[in-house]
Amino acid sequence: MKILSADQTRAADAFTIQEENIASFELMERAASAFTAWFENKFTPTQDVYIFCGPGNNGGDGLAITRLLHQRCYTVQVYLAGDPANASEDFKYNHQKLPTEIALRHVEHESDFPAIPAAALVIDALFGTGLNRTVTGLYASLINHLNQSAACITAVDMPSGLYTDKQTPTEGAIIRAKYTVSFELPKLAFFLPQHEAYVGQWHVVPISLSPTFISEATTNLYFTTAADIQHLLKSRPKFSHKGLYGHALLLCGGFGKMGAAVLAARACMRAGVGLLTVHAPAIGYAILQNSVPEAMALSDKHKNHIANLPSDIEKYNVIGVGPGMGTERVTKTAIGQLLATCKQPLVLDADAINIIAGSEKLKNQLRNHEVILTPHPKEFERLIGKSKNDYDRLQDMLEFCREYSCYIVLKGSQTAIGTPEGNLYFNTTGNAGMATGGTGDVLTGIITALVAQKYTLEEACILGVYLHGLAADLALPDVGKVSMIASDLIDYLPKAFLQVARTSA
Ligand SMILES: NC(=O)C1=CN([C@@H]2O[C@H](COP(=O)(O)OP(=O)(O)OC[C@H]3O[C@@H](n4cnc5c(N)ncnc54)[C@H](OP(=O)(O)O)[C@@H]3O)[C@@H](O)[C@H]2O)[C@H](O)CC1
Ligand SMILES: [K+]
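Cut-offs used in this document
- Residues numbered from 1 in each chain as written.
- Chains lettered and ligands numbered in written order.
- Predicted model: local features only at pLDDT ≥ 70, side-chain atom pairs only at ≥ 80, totals over all residues.
- Heavy atoms only, no water.
- Helix = DSSP H or I, 4+ residues; strand = E, 2+ residues; numbered from the N terminus.
- Rg over C-alpha atoms; globule rule 2.2 N^0.38 Å.
- Buried < 20%, exposed > 50% of the residue type's maximum accessible area, 1.4 Å probe, protein only.
- Contact = heavy atoms within 4.5 Å.
- Areas by Shrake-Rupley, 256 points an atom, 1.4 Å probe, with all protein chains shown as cover.
- Lys, Arg positive; Asp, Glu negative; His and termini not counted.
- Charge placed at Lys NZ, Arg CZ, Asp CG, Glu CD.
- Core = buried A, V, L, I, M, F, W, Y, C linked by side-chain atoms within 4.5 Å.
- Domains from an automatic or database assignment.
- Near = heavy atom within 4 Å.
- Polar contact = N/O pair within 3.5 Å; in protein donor to acceptor, adjacent residues only side chain to side chain.
- Nonpolar A, V, L, I, M, F, W, Y, C, P; charged D, E, K, R; others polar.
- Phe/Tyr/Trp six-rings, centres within 6.5 Å; stacked < 30°, edge-to-face > 60°.
- Lys NZ or Arg CZ within 6 Å of the ring centre and 35° of its normal.
- Pairing = 2+ DSSP bridges.
- Right-handed = clockwise from strand over helix to strand, strands pointing away.
- Donors = N, O, S within 2.8 Å, 3.2 Å for Na, K, Ca; no water.
- Salt bridge = Lys/Arg side-chain N within 4 Å of Asp/Glu carboxyl O.

Participant: Looking at this structure, how should I read the overall build of the protein chain?
Facilitator: When helices and strands are tallied, the protein chain shows 18 helices and 17 strands. Here the protein chain has a C-alpha radius of gyration of 26 Å; the compact-globule value for 505 residues is 23 Å, and the two agree. Overall, the protein chain is about 85 × 50 × 40 Å in size when its C-alpha atoms are taken along their principal axes. Residue burial in the protein chain is summarised as follows: out of 505 residues, 58% are buried. Considering only residue pairs separated by 6 or more positions, the protein chain has 73% of its internal contacts joining residues 24 or more positions apart. For the protein chain, the accessible surface area stands at approximately 21,000 Å², while carbon and sulfur atoms represent 52% of it. Averaging the positions of the 41 positive and the 48 negative side-chain charges in the protein chain gives two centres separated by 9 Å.

Right under this line is the structure:
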């Protein structure tokens, strides 16, 4: 699914209004009704509601929501910050439609700020996608006043003070919402870790914006939904044999870190690879054969670290490298030999990335391969350098993907996938239980298995990241966020595959 910019959203509004031959206030009514449906599903009318409106259409939404919640027996107080003379047409329309028993109270001084009870519900309808400068003055004081209340804040469309799709100047005040309810499609700002405190948990409600406009809109920004995944998963013909599903090689493991190799190998098998061979240091041979009997094992001549490559490396159709591997000199030499000789697609993770990050020569050799890199933010920083903020980091990532013609899976609470063509895909599955050792090794095994099964590198990244997070979501009710371990993701991977297969049937 596409992520549209603020300008594109405004254009979508105009296109929809014209295409359906409706008035703009009718589209606003759709937005307000959709928000209200979400709100009343979340909160019962037992808590007082305080709604704060700006002078534009975000505020117009706020007035319409006031009316709709009042009709649903919520106790609502509504406040206007800003000059009503500057109000938008649709704001004025909804102002006239306010029930007479509801007074729109003007906030002109800090003394007009209402005391907000901790148990109250606040709806932030000050600014949305029309924010065009830093919030200062009375607006900033009001936002700070709301943030300092213990009330639960739900933002309409955007947390006021936050830009929709570019870096917000840090000196401005920004609403810290517990929930943000946006319309039709999520905003780019929702996917950036730096905004979590402002956006909170984001939700999107449909308002039937023109499908024609959306399908014709150009963007390089996407977020992955179950609908997107459905057509990706390949079905398996009745007369299948393991040769059809690839033979992967994993180069991984090291002294004291053989668990990473076991996790990657188990995940690779559970993700459907036909055959798997794991090449690990000699100390890992028995461990692998005992822990992952489904995989074949090769023992490096070196006892504790990977120092050599298998002699028949050309027989594998994908090579996953890195989990638990370490960065010993002998291993660096082996990585250099791999990049200089092998022709297969590579999935590079963890210490394989750290080794490459330390050598311009090795980095330049990425250009000669089909490569997926799966760094966490620290490994990313070693590889590409420190970015000023999350927007710059995404641009830096796309620049690297383009320059080295590779795919990057930047792991995080909403993993971002960059492609050589300059596209960005944000994942929507997963949870905080995944913040535990070994989950990256599991992802490497999954993506390696998908490439072995002839998914394109882009498909393997999108599908692998989605299934990895979905497995964690399926595990959550049974193991919880605190007790979740990497092995749970492997154990729930079959259910994740079955769930995606069911929806695609
Ligand atoms: N398809 C949809 O998503 C729909 C969204 N809707 C809602 O409409 C808003 C966008 O409304 P808009 O009127 O364009 O803008 P805002 O309401 O966000 O802002 C109002 C005006 O505020 C001024 N402004 C901007 N930044 C500041 C600031 N830092 N300090 C003070 N004032 C500011 C600006 O006017 P100026 O003349 O002062 O420049 C803004 O125009 C969207 O978010 C949704 O909530 C519709 O309901 C329809 C469908
Ligand atoms: K808002």
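Participant: Before we go on, may I ask you to explain the nonpolar core in this structure?
Facilitator: Generally speaking, nonpolar side chains in soluble globular proteins are found buried as a group. If you look at the biggest cluster of nonpolar residues, it comprises 97 residues, and the most contacted ones within it are Phe39, Leu348 and Leu373. Three or more residues apiece are contributed to this core by two domains, here domain 1 (6–219) and domain 2 (236–504). In contact with leucine 373, other than residues within four places in its own chain, are Leu348, Ile353, Leu366, Leu383, Phe400, Cys406, Tyr407, Ile408 and Val409. Among the nonpolar cores identified, the runner-up in size contains 61 residues, and Ala280, Ile447, Tyr492 and Phe497 belong to it.

Participant: Before we go on, may I ask you to explain the site of ligand 1 in this structure?
Facilitator: Residues in close proximity to ligand 1 total 22 residues, the closest being Asp13, Asp61, Gly128, Arg133 and Asp157. At a separation of 2.4 Å, a nitrogen atom of ligand 1 approaches a polar side-chain atom of aspartate 13. Expressed as a share of its isolated accessible area of 930 Å², the protein-covered part of ligand 1 is 80%. Of all the secondary structure elements, the ones that give two or more residues to the shell around ligand 1 are α1 (6–20), α2 (24–42) and α3 (57–71). When residues of the shell around ligand 1 are assigned to their parent elements, the largest contribution, three residues, is made by α3. For the shell around ligand 1, a count of residues per class yields nine nonpolar, nine polar and four charged.

Participant: What am I meant to see in the packing of aromatic side chains here?
Facilitator: What characterises a pair of aromatic rings is the spacing of the ring centres plus the angle enclosed by the ring planes. Scanning the entire structure with this criterion turns up 17 aromatic pairs. Note on phenylalanine 39 and phenylalanine 43: the rings are 4.8 Å apart at their centroids and 50° apart in plane angle, and the pair reads as tilted. We note that phenylalanine 39, like phenylalanine 43, is buried. An aromatic cluster of three or more residues is present, and its members are Phe35, Trp38, Phe39, Phe43, Tyr74 and Tyr179. The ring of tyrosine 455 is capped by lysine 234, whose NZ or CZ atom sits 4.6 Å from the centre of that ring. One residue, arginine 236, lies across the ring of tyrosine 245, its end atom 3.5 Å from the ring centre.

Participant: Explain the pairing of strand β2 (residues 76–81) here, please?
Facilitator: Within β2, five of the six residues are buried, which leaves it mostly tucked inside the rest of the structure. In this sheet, β2 lies alongside strand β1 (residues 49–53) in parallel orientation, the contact comprising five bridges. Within β2, the position partnered with cysteine 53 by the bridge is leucine 80. Following the chain from β1 across α3 to the adjacent parallel β2, one finds a crossover that is right-handed. Examined bridge by bridge, β2 and strand β3 (residues 104–107) share four bridges and lie parallel to one another.

Participant: Looking at this structure, how should I read the environment of leucine 98?
Facilitator: Turning to its location among the elements, leucine 98 is positioned in the loop between α4 (89–96) and β3. For leucine 98, a relative accessible area of 9% gives the class buried. It is 52 Å that separates the C-alpha atoms of leucine 98 and alanine 460, two residues lying 362 residues apart in sequence. Apart from the residues within four sequence positions on either side, leucine 98 is in contact with Leu63, Thr66, Arg67, Val78 and Leu104.

Participant: Help me understand the coordination of the potassium ion (ligand 2) in this model?
Facilitator: Between any two of four tetrahedral donors, the ideal angle at the metal is 109.5 degrees; between two of six octahedral donors, it is 90 or 180 degrees. Around the potassium ion (ligand 2), the protein supplies Asn58 (OD1), Asp124 (O), Asp124 (OD), Phe127 (O), Val156 (O), Met158 (O) and Ser160 (OG) as donor atoms, at distances of 2.6 to 3.2 Å. Classification of serine 160 as buried rests on a relative accessible area of 0%.

Participant: Any chance you could explain the domain arrangement of the protein chain here in plain terms?
Facilitator: Interface size is commonly expressed as the accessible area that is lost once the parts come together. Segmentation of the protein chain into domains returns domain 1 (6–219) and domain 2 (236–504). Each of domain 1 and domain 2 was reduced to a C-alpha centroid, and the two centroids are 41 Å apart. The partner domain 2 presents eight residues to the 14 residues of domain 1 that form the contact. Linking domain 1 with domain 2 are zero salt bridges. Here domain 1 is connected to domain 2 by three residue pairs in polar contact (both at pLDDT 80 or more). When grouped by side-chain class, the residues that make up the side of domain 1 that touches domain 2 number eight nonpolar, four polar and two charged.

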